[in-house]
Amino acid sequence: MDRESPNTVLVEATARYKPDDEDAHETDQWGYTETEADLIEHFVPVAVDEAGGFANFRETATKTNSLIDRLKAIEVPDVDDVADDLENYLETKERAEELDAKIAKTDDLIDEIVYELYGLIDEEIEVVEEAVGK
């Protein structure tokens, strides 16, 4: 179990279900298939952030409604209904991450050019970067 702080816990789980049409899914010997982990990975944080009943998730606990109960109650969309949208989302997210990396690299190159134009030495560069929170 991994904990980022005394108030957090990392829960790892796999989710299996018995599909209505077993022939349309890869199933194990008992007819179960794994859910789309990507869907759960990206949907659950949204449900938790939205709370207030979104996807049947409520933020607050009661003495009879534990965190596990609240997570179990989340209504995840049917994988088949959102498969295309999920694939588009993941492709867009990957592209955004690539662009973010290119932007960061470009920013670093611009910084180097500016430092060179002003003839800054390493100590001065360090002062500038500390001042701008880099």
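(A) Layout of a negative patch on the surface. Taken together, the side chains of Asp-20, Asp-21, Glu-22, Asp-23, Asp-78, Asp-80 and Asp-81 present a region of like negative charge at the surface. Tracing the backbone shows Asp-21 in the loop between strand 1 (16-17) and strand 2 (33-34).

(B) Representation of the nonpolar core in the model. Among the nonpolar cores identified, the biggest contains six residues, and these are Leu-39, Phe-43, Ala-47, Ile-74, Val-79 and Leu-86. At the level of elements, helix 1 (37-50) and helix 3 (79-117) are the ones that each hand at least two residues to this core. Ranked by residues supplied to this core, first place goes to helix 1 with three residues.

(C) Local environment of a nonpolar patch on the surface. Side chains of Ile-110, Ile-113, Val-114, Leu-117 and Tyr-118 sit close together on the surface and give an oily, nonpolar patch of about 560 Å² of accessible area. Assignment of secondary structure puts Val-114 in helix 3. Judged by its relative accessible area of 34%, Val-114 falls in the partly exposed class.

(D) Geometry of the pattern of salt bridges. For the structure on display, the rule yields two salt bridges. We note a salt bridge from Lys-93 to Glu-97, for which the minimum N-O separation is 3.7 Å. Of this pair, Lys-93 and Glu-97 are both found in helix 3, four residues apart, which corresponds to roughly one turn of the helix. Owing to a relative accessible area of 32%, Lys-93 belongs among the partly exposed residues under this scheme. For Glu-98, the salt bridge is made with Arg-95, and the minimal N-O distance between the two is 3.5 Å. Of this pair, Glu-98 and Arg-95 both sit in helix 3, three residues apart, which is roughly one turn of the helix.

(E) Looking closely at helix 4 (residues 122-131). Counting buried residues along helix 4, only one of its ten residues qualify, which leaves the element largely exposed. The positive-phi residue at the C-terminal boundary of helix 4 is Gly-133, with phi of around 75°.

(F) Main features of the environment of Asp-111. By the element assignment, Asp-111 lies in helix 3. Residues Asp-111 and Glu-129, spaced 18 residues apart in sequence, show a C-alpha to C-alpha distance of 9.6 Å.

(G) Focus on the environment of Val-82. For Val-82, the location among the structural elements is in helix 3. Taking the C-alpha atoms as reference points, Val-82 and Leu-39, 43 residues apart in sequence, are found 8.6 Å from one another. Setting aside residues no more than four positions away along its own chain, Val-82 makes contact with Leu-39 and Pro-77.

(H) Layout of helix 3. Its 39 residues give helix 3 an end-to-end C-alpha distance of 54 Å, which sits within 8% of 57 Å, the value for a rise of 1.5 Å per residue. At Asp-85, helix 3 shows its strongest bend, of approximately 35°. Along helix 3, the residues that are buried comprise Val-79, Leu-86 and Tyr-115. Following helix 3 by one or two positions, Gly-119 has its phi on the positive side, about 65°.

What counts, and where the lines are drawn
- Residues numbered from 1 in each chain as written.
- Predicted model: local features only at pLDDT ≥ 70, side-chain atom pairs only at ≥ 80, totals over all residues.
- Heavy atoms only, no water.
- Patch = residues over 30% accessible without salt bridge, like charges linked within 9 Å, V, L, I, M, F, W, Y side chains within 5 Å.
- Areas by Shrake-Rupley, 256 points an atom, 1.4 Å probe, with all protein chains shown as cover.
- Salt bridge = Lys/Arg side-chain N within 4 Å of Asp/Glu carboxyl O.
- Lys, Arg positive; Asp, Glu negative; His and termini not counted.
- Charge placed at Lys NZ, Arg CZ, Asp CG, Glu CD.
- Helix = DSSP H or I, 4+ residues; strand = E, 2+ residues; numbered from the N terminus.
- Core = buried A, V, L, I, M, F, W, Y, C linked by side-chain atoms within 4.5 Å.
- Buried < 20%, exposed > 50% of the residue type's maximum accessible area, 1.4 Å probe, protein only.
- Contact = heavy atoms within 4.5 Å.
- Expected span 1.5 Å × (residues − 1).
- Bend = angle between axes of the 7 residues up to and from the residue.

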